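# Overview (structure and organization)
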Amino acid sequence: MKWSKAFIPTVKEDPSDAEVLSHKLMVRAGLMRKLAAGAYTYLPLGYRTLRKIEQIIRQEMDAAGAQELHMPVIQPGELWERSGRLKAYGPVLMNFTDRHGRRVVLGPTHEEVITTLVANNISSYKQLPLNLYQIQTKFRDEYRPRFGVLRTREFLMKDAYSFHLTLDDLKITYQKMYDAYCRIFDRCGLDYIVVEAESGPIGGESSHEFMVPTEAGEDTLVRCSCGYAANLERATAATPQKETKESPKDLREMHTPGATTIEELTKLLKVPAEKLIKTLVLLGDGKPLAALIRGDHELNEAKLAHAAGVANVEMADAQTIEKLTGAAVGFAGPVGLSKLPIITDKAVQGMANAATGANKTDYHLLGVNPGRDFALSSVADIRLAQPGDRCAKCGGELQFSKGIEIGHVFQLGTKYSQALGADVLDEKGKTQPLIMGCYGIGLNRIMAATIETGADEQGIIWPMNIAPFQVILVQLGQSDQVLTTAQKLYEDLTARGCEVLWDDRSARPGVKFNDADLIGIPLRITIGEKALANGNVELKPRTEKQPQLLEPSRAVEATAKIIQSELKAFNI
RNA sequence: CGGAGCGUAGCUCAGCUUGGCUAGAGCGCUGCGUUCGGGACGCAGAGGUCGGAGGUUCAAAUCCUCUCGCUCCGACCA
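Residues numbered from 1 in each chain as written. Chains lettered and ligands numbered in written order. Predicted model: local features only at pLDDT ≥ 70, side-chain atom pairs only at ≥ 80, totals over all residues. Heavy atoms only, no water.

## A word on the pairing of strand β10 (residues 207–213)
Burial of β10 is extensive: 6 of the 7 residues sit out of reach of the surface. Here β10 pairs with strand β21 (residues 399–413) via 7 bridges, running antiparallel. Paired with methionine 211 across the two strands is glutamate 405, which belongs to β21. (Buried < 20%, exposed > 50% of the residue type's maximum accessible area, 1.4 Å probe, protein only. Helix = DSSP H or I, 4+ residues; strand = E, 2+ residues; numbered from the N terminus. Pairing = 2+ DSSP bridges.)

## A short note on helix α14 (residues 509–519)
Looking only at α14, the buried set comprises Lys512, Asp515, Ala516, Asp517, Leu518 and Ile519. Residues of α14 that are buried in the fold lie against α1 (21–28), α2 (44–63), β25 (471–475), β26 (500–503) and β27 (523–527). Glycine 520 sits one or two positions beyond α14 and adopts a positive phi of about 75 degrees. (Contact = heavy atoms within 4.5 Å.)

## Some details on the sheet that holds strand β5 (residues 94–97)
Backbone-to-backbone hydrogen bonds join strands into a sheet, with any given pair of strands oriented parallel or antiparallel. With respect to topology, 3 strands assemble into an open sheet ordered β4-β6-β5, the strand pairing being antiparallel. Whereas interior strands pair on both sides, the edge strands pair on one side only; in this sheet they are β4 (74–76) and β5. Strand-to-strand twist of the sheet, defined as the mean angle between neighbouring strand axes without regard to direction, takes the value 35 degrees. The sheet contact formed by β4 and strand β6 (residues 103–106) spans 3 bridges and is antiparallel. In the sheet register, isoleucine 74 faces β6, and the bridge partner there is leucine 106. (Axes fitted to C-alpha atoms, helices over the stretch in contact; angles between N-to-C directions.)

## Side note on unusual backbone geometry
Residue leucine 128 is joined to proline 129 through a cis peptide bond whose omega torsion reads -5 degrees. Its location among the elements puts proline 129 in the loop between α5 (111–121) and β7 (130–139). A positive phi angle, near 50 degrees, is found at aspartate 285, a position not held by glycine. With respect to the helices and strands, the residue aspartate 285 is situated in the loop between β14 (277–284) and β15 (287–294). Although it is not a glycine, aspartate 362 adopts a positive phi angle of roughly 70 degrees. Relative to the helices and strands, aspartate 362 is located in the loop between β18 (354–357) and β19 (363–368).

## Things to note about the domain arrangement of chain A
Split into domains, chain A comes out as domain 1 (41–190 + 200–205 + 412–451), domain 2 (252–380) and domain 3 (464–570). Relative placement of domain 2 and domain 3: their C-alpha centres are 67 Å apart. (Domains from an automatic or database assignment.)

## Overview of the packing of helix α13 (residues 480–495) against helix α16 (residues 552–570)
It is the contact of α13 with α16, at a shortest axis distance of 10 Å, that shows an interaxial angle of 30 degrees. Note on packing geometry: the crossing formed by α13 with α16 is right-handed. Contact residues: α13 offers Thr485, Leu489, Asp492 and Leu493, while α16 offers Pro552, Val556 and Thr559. When its residues are assigned to classes, the contact of α13 with α16 shows 4 nonpolar, 2 polar and 1 charged. (Left-handed = near helix turned anticlockwise from the far one by under 90°. Nonpolar A, V, L, I, M, F, W, Y, C, P; charged D, E, K, R; others polar.)

## Let's talk about the sheet that holds β19
Taking strand neighbours across the sheet as the criterion, the 3 strands line up as β13-β19-β18 in an open arrangement whose pairing is antiparallel. A strand with exactly one partner marks an edge of an open sheet, and here the two such strands are β13 (252–255) and β18. Between one strand axis and the next, the sheet turns through 30 degrees on average, direction left out of account. Pairing between β13 and β19: 4 bridges, direction antiparallel. The residue of β19 that forms the bridge with arginine 252 is leucine 366.

Shown next as structure tokens:
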């Protein structure tokens with residue numbers, strides 16, 4: 001491809017609306033342009049990389065025994081009512097009403113469609129396991145699209161779904177897919193880690209996320225040197241040591257006018273936050289419940305929902321709280337709070353002589369002792385891990401960092417098959433709900449994560465496997481000798497199967513070198529009069545400072561060899 | 001959805017506080033010339049509903065109201 005004929009609009013300055021590195025570089029290198037918030041056009045160069053990522057995924061999915069199919073983007077709203085996810089997804093679901101007044105959903109994912117498909121076409125355990133995937137544009141009306149292509153309203157996703165008679169069989173496929181994911185991300189040249197994850201509205205039991213650690217990520221990773229790794233929603237920290245044997249004091253009421261926050265209380269009572277018990281009033285699937293958390297800890301709603309056995313929890317509004325506690329917001333406490341179930345965090349259990357709200361406006365209780373002053377009917381880990389916490393497995397200090405989620409695998413169980421009636425007959429002729437797994441990869445995120453973690457001041461550095469072109473010919477000047485050499489190199493490299501971008505523009509050398517670095521092609525061959533005077537051209541990898549001088553025919557050999565060996569290295 | 005900020009040439013921005021000549025700069029683009037190994041230079045040009053609507057005024061990019069879009073923080077979320 002000759003650059004002069006290609007549509008590669010590079011720009012010198014960072015776009016004003018870009019914040020993260022990958023976003024800036026993708027625009028500057030002419031990979032993409034924004035149409036609207038969370039919607040991007042992939043230009044030819046960017047699309048080449050995206051297609052290469054797609055190809056790698058296809059190969060690995062096929063090798064793992066999955067079969068590719070293609071489902072519709074538009075889906076009947078009725079399907080989503082049946083699965084119960086119309087509500088669960090809420091406003092994130094893009095939908096419209098068609099001319100007949102039917103609600104149509106733009107697919108944010110395809111569990112409903114695939115489960116219906118399989119329900120209608122699979123009826124025997126003999127047809128299992130079945131593993132199906134597609135690569136398709138997904139739609140989500142995100143509250144806040146951001147970070148360039150990392151969170152968009154429209155994105156490319158590989159989604160796979162597997163169907164099984166037994167949990168053991170699911171686990172076999174789950175492991176195969178897990179391994180395939182590792183190969184995919186390895187081949188894309190990414191440094192990633194795998195963490196235990198919460199499954200969110202997809203639902204299900206076990207789940208792992210594939211994360212690329214980088215500051216630009218919006219997920220928080222919690223890791224320990226012992227190998228423990230989880231995302232923040234899932235992470236468990238060790239329960240703090242039981243407090244030294246402080247002898248229990250008597251309950252005492254204290255006037256604390258207007259002190260409704262932990263911060264105000266610590267000042268007023270002159271005790272540290274870890275001596276306070278926060279009493280949070282929430283609604284679990286609409287029913288009130290209270291959660292007790294140590295003053296310096298944060299509630300993890302997902303864990304609480306799990307512990308309470310509900311699908312969804314939200315903070316109760318002020319009116320509800322006042323009605324239930326008999327006090328203004330900020331003065332709730334567990335003592336005498338009999339109207340609603342109380343779930344106590346593990347860290348609260350061992351506290352002694354704590355302070356809590358008195359369920360009386362402008363009053364707090366001191367000397368509160370769990371177990372003595374209120375019942376510990378339900379104790380669970382319901383807090384977020386936080387910096388300074390210890391690992392629950394080895395006691396080491398937990399490390400917090402940011403990451404980009406590029407893939408996610410779930411053991412779904414029977415959530416969708418039961419809702420949508422996907423059954424098969426087992427060997428005894430008995431009806432069984434299908435057990436499902438599902439597996440997703442964000443292709444655009446792979447691209448962005450590669451740039452995010454692999455760029456330098458000059459621009460992008462593509463791994464050979466997903467580079468839009470493998471080698472760039474930088475032709476300096478337009479003299480006959482330079483031109484014929486470049487032409488010959490282009491033909492010879494192409495004949496050897498190399499993907500060549502030929503910068504034949506009449507721009508000055510500096511412009512070409514800077515553009516070549518910016519778009520990050522792994523190998524560069526410079527054809528200029530200087531080296532040609534000695535019959536040479538220059539070969540330089542993107543990551544090296546100094547070029548190597550070679551005769552053109554040798555440069556072709558060397559280039560082809562480097563490409564070969566790098567592609568092979570990625571083909572684990 | 002709560003908070004903050006921004007919208008002027010293809011891009012990055014100045015001008016707005018204190019209303020007033022023909023609305024500017026750099027980059028990019030077109031033509032000509034000189035250059036040519038890490039983002040050259042000269043000359044000549046093209047390119048603008050100042051996001052949109054309404055209002056105040058003799059006069060609005062500038063002041064007021066409404067509205068749309070975009071970005072960031074929060075909340076939410078594969």
